[in-house]
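Here is what each chain is made of, one letter per residue.
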Amino acid sequence: MLWNALRTDVLSAISTDHCAFRWDGQKTIGRDDFSKIPNGGAGIENRLQMIHEFGVRAGRISLNRMVELLCTNPAKLFGLYPRKGTLAVGSDADIVVFDPEKEVTISAATHHSKTDYNLFEGTQVTGSPEVVLLRGHVLVENDELAASPGIGQFVRRARFGEELATRARAAVAP
């Protein structure tokens, strides 16, 4: 069971292979030949809402565990911690202000992706972001994009293995 694996750290992160193909004209290319269907599905916009609803609100994982799975652990796995994945002096101040009582019905009609469908169409969730900050700059507020073009920047991650070696050294240091 995936929820048990997430709860017990058998699985230590929730991430995505977000593929925002349109249904009409892209996914339908494979109507007669499955091998031509572009793989993956859109869903990154609703990942936090879905994990909160079916994980935290359903009592499968704690709120702290959700933050570990969605933020802290992926940053560590990809060699971006502590710049990303924590709120601490010297970190990037990437913050999501989350309203755990905000009720939302997920729909392609209201999402911000350019896809013409939503994998979670019609799902009602309680809990949704109110404000999203990147390096202390407001990106999204009241469900509207507030960021200026060019606000993003490339963040170099540690090479594979460097993060594990760094953590191993830190674990044995006095």
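Okay, so let's go over this structure. Just so it is clear, the structure is predicted and the values come from calculations on it, not from any experiment. (Residues numbered from 1 in each chain as written. Predicted model: local features only at pLDDT ≥ 70, side-chain atom pairs only at ≥ 80, totals over all residues. Heavy atoms only, no water.)

## Section: the side chain of Asn73
No. 1: Tracing the backbone shows Asn73 in helix 3 (residues 63-77).
No. 2: The exposure class assigned to Asn73 is buried, which follows from its relative accessible area of 15%.
No. 3: Setting aside residues no more than four positions away along its own chain, Asn73 makes contact with Ser12, Ala13, Arg65 and Glu68. (Helix = DSSP H or I, 4+ residues; strand = E, 2+ residues; numbered from the N terminus. Buried < 20%, exposed > 50% of the residue type's maximum accessible area, 1.4 Å probe, protein only. Contact = heavy atoms within 4.5 Å.)

## Some words on the environment of Asp94
No. 1: Checked against the element boundaries, Asp94 lands in the loop between helix 3 and strand 1 (95-105).
No. 2: The exposure class assigned to Asp94 is partly exposed, which follows from its relative accessible area of 30%.
No. 3: Distance in space between the C-alpha atoms of Asp94 and Asp143 is 17 Å, their sequence separation being 49 residues.
No. 4: Look past the residues within four positions of Asp94 in its chain and what remains in contact with it is Lys84, Leu87, Leu133, Leu134 and Arg135.
No. 5: At 2.7 Å, the side chain of Asp94 and the side chain of Lys84 are in polar contact. (Polar contact = N/O pair within 3.5 Å; in protein donor to acceptor, adjacent residues only side chain to side chain.)

## Structural notes on the sheet that holds strand 1
No. 1: Sheet architecture is open: four strands sit in the order 1-2-3-4, paired in antiparallel fashion. Taken across any chain shown, the strands that pair with only one partner, and hence form the sheet edges, are strand 1 and strand 4 (144-145).
No. 2: The pairing of strand 1 with strand 2 (residues 124-134) spans eight bridges and is classified as antiparallel. What sits directly across from Val96, in strand 2, is Val132.
No. 3: Contacts from helix 2 (residues 47-56) reach strand 1 and strand 2 within the one sheet, and its direction differs from that of strand 2 by about 135°. (Pairing = 2+ DSSP bridges. Axes fitted to C-alpha atoms, helices over the stretch in contact; angles between N-to-C directions.)

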